[in-house]
Amino acid sequence: MLDYTDIKVVNDQVKQSQDAESDQRDMVRKERDFLYVKDGQWDQGIVKKMGDKYRGTFDKCNVVVNGIVGEMDAANFDIKIRPSGGDATKELAKTYDGLIRNIETMSNAARVYASAGRDMVGTGLGGWEVKMKYIDADLFDQDFVIEWIPDYVSRVWFDAASIQQDASDARHVFSLDNYSVDEYEKEFPEGSKQSIGSDKAYDSFTNKPESITVGRIIYRSPVNVTLVQMDDGSVYVRDEKFDSIADELAEQGINVKRERVKKTYKIVSRLFDGGAFLNDPEDTVFKDLPIVPTYANFNVAEGKVIYKGAVRDLMDTQRAYNTFRSAEVENIAMSPPDVYWVSRVQAKIPADKAAIENMSASSARANFFTPDPANPGAPQRSGGAVVQSGVQQAIQNSLDDISTTASRSPLANGEGGGGMSGVAIQSLQNKMDTGTVHYFRPQEVAICRTGVILVNALPNGYDSTAQKRILGEGGEFEMVELNKSVVDTDTGKTVKLNDLTQGKYDVTCSAGKAFKNRQQESVEAFEKLSMAIPGFGELTADIQLKNIEAPGADLAAERIRAMMVRNGTIPESQLTDEERDQMAQAQQAAAQQPPEQTPEQKIADAEIGRVQAETADVQVKAQLKQEELRIKEQDSLLKNQTAADRTQLLELTLMLKQQAQQSSDQQAMNKAMMDGQASIIDNLNTQAQTLKILGESMGADAVISQGGVEAYAQQTEIVADQQDDIIDTVDQ
């Protein structure tokens, strides 16, 4: 058991992996230089011998690589998830399919696979990594992404003991990165500043920035896991998540039946340099090493993984082709030009001299010359450069060797084929496909491994309730809610919908034609089948419309499918969750409607309705007759009432006139009485004033005589008598 906490052990494992593959990696770098570095397609020993002689590169290898990679880009590597055991279901397998397809779309995985595929085809080695990272800087949720690893040959090293093509047996993997000195000191101020050792025997480029190589080790760390089986058959891992739901399960009557300890492992990541670790170990959501290699022409010899790209076997023939083509060019360049020979006598004649000087720019259909008796005949051409037949044959042989070695004809590179029939071209294409299929298989293995990594990691990465998008093969999508807890109305138990921890699943990957190409083939095949099988067109109308790329075709397909769902044409297994819900609602509504009547019941109901209608008609007519009599009676009563009302009105008018006259007379009497009372009041006021004057004259300073007293008393009696009169009047 390796001690991954010891930095010396970790750096020693890096060196062991590098030493075990140093020869293979050197060849990969040479093949890469052959494709991309200036003068890479020339042997350096030959270059020194040629000195200043012409040296050209007539690249045919990149054409071969581009052709194979182009075929791979046009193919569709489709990951498929299938139930394999436990509580696995087709619905969850479909959810896995859609989630992985969505991850590939977000990661632009097609480009990732193409970039790594180009490395693999050209040099024999490439790869990518599955990561968990923040997709959006403004969000808090992380998601899975697939990223290409540039310069894989110098950066990734698996466990030296690993011999599986997908590296599924590796205990660890190293990923190396170069940091500038400033970046390193800012990121790792406590680091040792020592670079991890390199395996390279030479550098392809001399001008490079100064850097420090930092490594990341991803390894399997053994752990013991306690499995808990409940009495309902469900199995859980005893962890914090299980502890949080144990009480809820107990309330539902679900208790622990038995437990056992399982030895497994977790995937841990840690950074280090040549002298020290740079952080603490970090647990990941993965259950597998998340770096995926892709090897061309993979094999194992003497316990050692070997591989090679398409270029390795072409290097010698390409160098020979460059050499002979350069000789051909030099031969032509150094040969005298193709000129006309004329005599000196002819050269002295102005018209002949002018014709020779203007010959390259003249469009004349014929030229004239002056015969020279000493040199009879027209001017003669020298014949120009003559290329040696041996050089031309060597050039052709080199081209043939390149085509044969690469299993590709000039036709595959877009050359020739003008005089060939379509059948011949297709036959040749089929032969070329068999020659390049072994570059498709490594991609299938690597992409299948990617699917396994994601299937095993998704339950940990998507362990909470969340809305996720799932994509269909044709780009259609729907949103699903993962790990949603609901109560089963039948059992009363809480269950989870789209629980990714449920069951086990197998992963496969197959390379086929790109979706658009298969769409076109589907359209053509369906058209033929519709003509051959009665009713086939109506039965598959929605599918055919989905495969047609035309404005409005998707809307038409949606309408046709909705009608087919209502009619029950589409099998239940092919319905979406939304369509199943719609059908359930329709069935529930139909159940609430009264049952359809039989013909006999309809006839009986019609007869009852007729009798009821006739009865209702008789009743209505009787009611109308009674209403007519009532109206006549009311009319007679109204006439009698009207006469009585007139008499009563006349009597009321006369009474009102009498009351008005009486009121007028009463008002006159009241006025007369009021006037009399006013006169009495005035007289009383006068008497009171007289009494006041007499009282004042009898004040303390006055001399009171007997006559004054009698006058005052007399005046008082008068006032009192008048007041009594007023009171009597008022009482009346």
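Residues numbered from 1 in each chain as written. Predicted model: local features only at pLDDT ≥ 70, side-chain atom pairs only at ≥ 80, totals over all residues. Heavy atoms only, no water.

Looking at the overall build of the chain
Scanning the chain for helices and strands turns up 20 helices and 19 strands. Taking contacts inside the chain between residues at least 6 apart in sequence as the whole, the part at least 24 apart equals 69%. Carbon and sulfur atoms make up 53% of the accessible area of the chain, which totals about 45,600 Å². (Helix = DSSP H or I, 4+ residues; strand = E, 2+ residues; numbered from the N terminus. Contact = heavy atoms within 4.5 Å. Areas by Shrake-Rupley, 256 points an atom, 1.4 Å probe, with all protein chains shown as cover.)

Section: the pattern of salt bridges
Inspection of every chain in the model, using the stated rule, returns 26 salt bridges. The residue aspartate 23 makes a salt bridge to lysine 304 at a minimum N-O spacing of 3.1 Å. With aspartate 23 in helix α1 (residues 7–36) and lysine 304 in strand β12 (residues 304–306), the pair connects residues that are 281 residues apart, well separated along the chain. Several salt bridges share partner residues, and in doing so they unite Asp26, Arg29 and Asp199 into one network. (Salt bridge = Lys/Arg side-chain N within 4 Å of Asp/Glu carboxyl O.)

What about the nonpolar core?
Residues Val121, Trp128, Phe144, Phe158 and Leu458 are the most contacted members of the largest nonpolar core, which totals 76 residues. Residues within four places of leucine 458 in sequence aside, it is in contact with Tyr96, Leu99, Ile100, Ile103, Phe144 and Leu500. (Core = buried A, V, L, I, M, F, W, Y, C linked by side-chain atoms within 4.5 Å. Buried < 20%, exposed > 50% of the residue type's maximum accessible area, 1.4 Å probe, protein only.)

So, a nonpolar patch on the surface
Together, Leu649, Leu652, Met655 and Leu656 make up a nonpolar patch on the protein surface, roughly 360 Å² of accessible area in all. As for its position among the elements, leucine 656 is in helix α19 (residues 599–697). (Patch = residues over 30% accessible without salt bridge, like charges linked within 9 Å, V, L, I, M, F, W, Y side chains within 5 Å.)

As for the packing of helix α3 (residues 61–73) against helix α5 (residues 109–123)
One way to put it is that α3 packs onto α5 with a least axis distance of 10 Å and a crossing angle of 140 degrees. For the crossing formed where α3 meets α5, the hand is right-handed. Taken together, the residues of α5 that come into contact with α3 (itself represented by Val65, Asn66, Ile68, Val69, Met72 and Asp73) are Ala114, Gly117, Arg118, Met120, Val121 and Gly122. Tallied by class, residues from the contact of α3 with α5 come to seven nonpolar, three polar and two charged. (Axes fitted to C-alpha atoms, helices over the stretch in contact; angles between N-to-C directions. Left-handed = near helix turned anticlockwise from the far one by under 90°. Nonpolar A, V, L, I, M, F, W, Y, C, P; charged D, E, K, R; others polar.)

Section: the sheet that holds strand β2 (residues 125–134)
Pairing is antiparallel across the open sheet formed by three strands, whose spatial order is β3-β2-β10. Both outer strands of the open sheet, β3 (142–148) and β10 (291–295), are each paired with one neighbouring strand and no more. Neighbouring strand axes in the sheet, compared pairwise and without regard to direction, differ in orientation by 20 degrees on average. Along the sheet, α5 makes contact with β2, β3 and β10, crossing β2 at roughly 155 degrees. (Pairing = 2+ DSSP bridges.)

Here's the deal with the packing of aromatic side chains
Applying the stated criterion across every chain yields a total of 13 aromatic pairs. Between the aromatic rings of tyrosine 295 and phenylalanine 298, the centroid separation amounts to 5.5 Å while the plane-to-plane angle is 45 degrees, which identifies the pairing as tilted. Within the aromatic cluster, the residues linked to one another by ring pairs are Phe144, Phe286 and Tyr462. In this structure, arginine 270 is placed above the aromatic ring of phenylalanine 277, and the distance from its NZ or CZ to the ring centre is 3.8 Å. (Phe/Tyr/Trp six-rings, centres within 6.5 Å; stacked < 30°, edge-to-face > 60°. Lys NZ or Arg CZ within 6 Å of the ring centre and 35° of its normal.)

Notes on unusual backbone geometry
Non-glycine residue asparagine 297 carries a positive phi angle of around 55 degrees. With respect to the helices and strands, asparagine 297 occurs in the loop between β10 and β11 (299–301). Owing to a relative accessible area of 28%, asparagine 297 belongs among the partly exposed residues under this scheme. The residue asparagine 483 is not glycine, and still its phi comes out positive at about 55 degrees. Examined against the element boundaries, asparagine 483 turns out to sit in the loop between β16 (477–482) and β17 (484–487). Residue classification places asparagine 483 among the buried residues on the basis of a relative accessible area of 4%.

Description of the environment of isoleucine 149
Along the chain, isoleucine 149 turns up in the loop between β3 and α6 (152–155). Residues isoleucine 149 and valine 112, spaced 37 residues apart in sequence, show a C-alpha to C-alpha distance of 8.6 Å. Apart from residues lying up to four places away in sequence, isoleucine 149 is in contact with Gly127, Trp128, Glu129, Arg155, Val156 and Ile291.

Considering a negative patch on the surface
On the surface, Asp554, Glu558, Glu578 and Asp581 cluster together to form a negatively charged patch. Elements represented by at least two residues in the negative patch include exactly α17 (553–567) and α18 (577–591). Relative to the elements of secondary structure, glutamate 558 occurs in helix α17. (Lys, Arg positive; Asp, Glu negative; His and termini not counted. Charge placed at Lys NZ, Arg CZ, Asp CG, Glu CD.)

Quick notes on the environment of arginine 566
Assignment of secondary structure puts arginine 566 in helix α17. Residues arginine 566 and alanine 586, 20 residues apart in the sequence, show an inter-C-alpha distance of 8.7 Å.

Comments concerning a positive patch on the surface
Judged by side-chain charge, Lys257, Arg258, Arg260, Lys262, Lys287 and Lys504 come together as a positively charged surface patch. Here the element with the most residues in the positive patch is strand β8 (residues 256–272); it accounts for four residues. Looking at the element boundaries, lysine 287 is found in the loop between β9 (282–283) and β10. Using a relative accessible area of 44% as the deciding quantity, one classes lysine 287 as partly exposed.

Observations regarding the side chain of arginine 25
With respect to the element layout, arginine 25 can be found in helix α1. With a relative accessible area of 2%, arginine 25 lands in the buried category. There is a polar contact of 2.9 Å between the side chain of arginine 25 and the backbone oxygen of valine 156. At a separation of 3.4 Å, a polar atom in the side chain of arginine 25 contacts the side chain of tyrosine 307. Setting aside residues no more than four positions away along its own chain, arginine 25 makes contact with Leu125, Tyr152, Val153, Ser154, Val156, Trp157, Asp199 and Tyr307. (Polar contact = N/O pair within 3.5 Å; in protein donor to acceptor, adjacent residues only side chain to side chain.)

Focus: the pairing of strand β6 (residues 211–230)
Here strand β5 (residues 172–180) pairs with β6 via nine bridges, running antiparallel. Bridge pairing links serine 180 to serine 211 in β6. Pairing geometry for β6 and β8, over 16 bridges, is antiparallel. Opposite isoleucine 217, over in β8, you have arginine 270 as the bridge partner. Where β6 and strand β7 (residues 235–237) come together, three bridges link them in antiparallel fashion. By the bridge assignment for β7, valine 228 is matched with tyrosine 236. Turn length for the β6-β7 hairpin, with the two strands adjacent in sequence and antiparallel, is four residues, and the turn residue glycine 233 shows positive phi of about 95 degrees.

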